[in-house]
Amino acid sequence: MVLWVFGYGSLVWNFGFEYDEKVIGYIKNYKRVFDLACIDHRGTPEHPARTCTLEYDEGAICWGAAYCIRGGPEKERAAMEYLERRECEYDSKTIVEFFKEEDSEQPAVTEMLVFTSTPDKESNRYYLGPAPLEEMAWQIATAHGPCGNNRDYIFLLEKALFNIGHEDDMIIELANEVRKYIATDFVKSERRLTGSSSALNAHMSSPLKMMPLQEAVATDS
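Keep in mind that this is a model prediction, so the values were computed, not measured. (Residues numbered from 1 in each chain as written. Predicted model: local features only at pLDDT ≥ 70, side-chain atom pairs only at ≥ 80, totals over all residues. Heavy atoms only, no water.)

## Some details on the pairing of strand 1 (residues 2-7)
Filter applied, for reference: Each residue is assigned to one of three classes by its accessible area relative to the maximum for its type, calculated with a 1.4 Å probe on protein chains only: buried under 20%, partly exposed between the two thresholds, exposed over 50%. Labels follow the DSSP assignment, with helices taken as runs of H or I lasting at least four residues and strands as runs of E lasting at least two, numbered in each case from the N terminus. In this description, strands pair whenever DSSP reports at least two bridges between them.
Counting buried positions along strand 1 yields five of six residues, so the element is predominantly enclosed. Across six bridges, strand 1 lies against strand 3 (residues 49-70) in antiparallel orientation. Bridge pairing in strand 3 places Trp4 opposite Cys68.

## What about helix 1 (residues 73-86)?
Because an α-helix completes one turn every 3.6 residues, residues spaced three or four positions apart along the sequence face the same direction. Stated formally: Expected span of a helix, by definition, is 1.5 Å for each gap between consecutive residues, and there is one gap fewer than residues. The directions from the helix axis to the C-beta atoms are what the arc is built from. Whether two residues are in contact is decided by their heavy atoms: any pair within 4.5 Å suffices.
Compared with an ideal rise of 1.5 Å per residue, which puts 14 residues at 20 Å, helix 1 spans 20 Å between its outermost C-alpha atoms and is within 8% of the ideal. Buried residues of helix 1: Lys75, Glu76, Ala79, Met80, Tyr82, Leu83 and Arg86, and no others. Angularly, the buried residues of helix 1 cover 160 degrees about the axis, an arc narrow enough to put them on a single face. Facing away from the buried surface of helix 1 by more than 90 degrees, the exposed residues are Glu74 and Arg85. Packed against the buried residues of helix 1 are strand 1, strand 3, strand 4 (92-99) and strand 5 (109-116).

## Considering unusual backbone geometry
The phi dihedral of Asn29 is positive, around 70 degrees, even though this residue is not glycine. By relative accessible area, which is 21% here, Asn29 ends up partly exposed.

## Re the packing of helix 2 (residues 133-142) against helix 3 (residues 150-163)
Threshold: Axes here refer to lines fitted to C-alpha atoms; in helices the fit is confined to the stretch in contact. Angles between the N-to-C directions go from 0 to 180 degrees. Orientation is classified from the angle alone, with under 35 degrees giving roughly parallel, over 145 giving roughly antiparallel, 65 to 115 giving roughly perpendicular, and any other angle giving oblique. All residues other than Ala, Val, Leu, Ile, Met, Phe, Trp, Tyr, Cys, Pro, Asp, Glu, Lys and Arg, Gly among them, are scored as polar; the first ten of these are nonpolar and the last four charged.
Contact pair helix 2 / helix 3: the axes reach a minimum separation of 5 Å and the direction vectors enclose 110 degrees. In terms of orientation, helix 2 lies roughly perpendicular with respect to helix 3. Mapping the contact onto sequence places Gln139, Ile140 and Ala141 in helix 2 and Asn150, Arg151 and Ile154 in helix 3. A per-class count over the contact of helix 2 with helix 3 returns three nonpolar, two polar and one charged.

## Things to note about the confidence of the model for the chain
Cut-off, in case you're wondering: A residue's pLDDT is the confidence the predictor assigns to it, expressed on a 0 to 100 scale.
On average, residues of the chain score 86 in pLDDT, and 84% of them are at 70 or above. Contacts of residues 196-221 to residues separated by more than four positions or lying in other chains number 58 contacts, the stretch itself having pLDDT below 50.

## Some remarks on the pattern of salt bridges
Convention followed: The term salt bridge refers to a side-chain nitrogen of Lys or Arg lying within 4 Å of a carboxyl oxygen of Asp or Glu.
Per the stated rule, a full pass over the model turns up 13 salt bridges. Here Glu102 and Lys100 are joined by a salt bridge, their closest N and O atoms 3.8 Å apart. A relative accessible area of 63% means that Glu102 is categorised as exposed. A network of salt bridges, in which partner residues are shared, links Glu18, Asp20 and Lys75.

## Some words on the environment of Gly72
Inspection of the secondary structure puts Gly72 in the loop between strand 3 and helix 1. Under the relative-accessibility criterion, Gly72 is labelled buried at 16%. Note: C-alpha distance between Gly72 and Met1 (71 residues apart in sequence) is 5.2 Å.

## Some words on helix 3
Compared with an ideal rise of 1.5 Å per residue, which puts 14 residues at 20 Å, helix 3 spans 20 Å between its outermost C-alpha atoms and is within 8% of the ideal. Taking burial as the measure, the 14 residues of helix 3 include ten buried ones, the bulk of the element. For helix 3, the full list of buried residues reads Asn150, Asp152, Tyr153, Ile154, Phe155, Leu156, Leu157, Glu158, Ala160 and Leu161. Phi turns positive, to about 80 degrees, at Gly165, one or two residues after helix 3.

## Observations concerning the pairing of strand 5
Of all eight residues in strand 5, six are buried; the element is thus mostly enclosed. Two elements, strand 4 and strand 5, share six bridges in a ladder whose sense is antiparallel. Counterpart to Ser92 in the pairing with strand 5 is Thr116.

## Let's talk about the packing of aromatic side chains
Inclusion rule: Classification of ring pairs uses Phe, Tyr and Trp, with its six-membered ring standing for Trp, and accepts pairs whose centres are within 6.5 Å; under 30 degrees between planes counts as stacked, over 60 as edge-to-face, and the remaining range as tilted.
Summed over the entire model, instances satisfying the criterion amount to 15 aromatic pairs. Ring plane angle 65 degrees and centroid distance 6.1 Å describe the contact between Trp13 and Tyr153, whose orientation is recorded as edge-to-face. Residue Trp13 is located in the loop between strand 1 and strand 2 (21-38), and its partner Tyr153 is located in helix 3; the two are separated by 140 residues in the primary sequence. In this structure, Trp13 and Tyr153 share a single accessibility class: buried.

Spelled out as structure tokens, the structure:
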């Protein structure tokens, strides 16, 4: 048996299970959105983190990493048990076609499993829905949980997509808005402590230089 799983969030950089092959590529007609709550990894029930899920969007493409698990039912079952625990906020499993960069017409894999979420607050208690950019940035900048800060998640995702050569404009925009919020909050803290904002001067040349991208610290989605 062969199991293929597509990672578009933290699975891109932090897979956490045994696999036999990793392939960079994309799926069609889906885009990343930060519309899903995380209440046990990088957030809490009182202050949920925002993590990404997929939203159907005709004509869109979503780049990520595909993992192949070979070796029979035991190995496949072990991978699925791990993924179902990890991806517990995702209430759906969707089968999609997976494409590699060199061939946009013929799928490299015709049955690729991807964890998705139902965009309905009534049937999916983890679904937050869309929000203005500034509101999402504030939530991401301030949420934290047992596995770390929500801000680390988006910075690590931004870095992972850069590393595979396929950055996501939405992720970059949201990450930069988070950096602005962190910088503003830092200025306020410095002014309260010292009456001066000079400590931040070195950070203000570019939003991309405000906060260093950090290494993976948790196994959340």
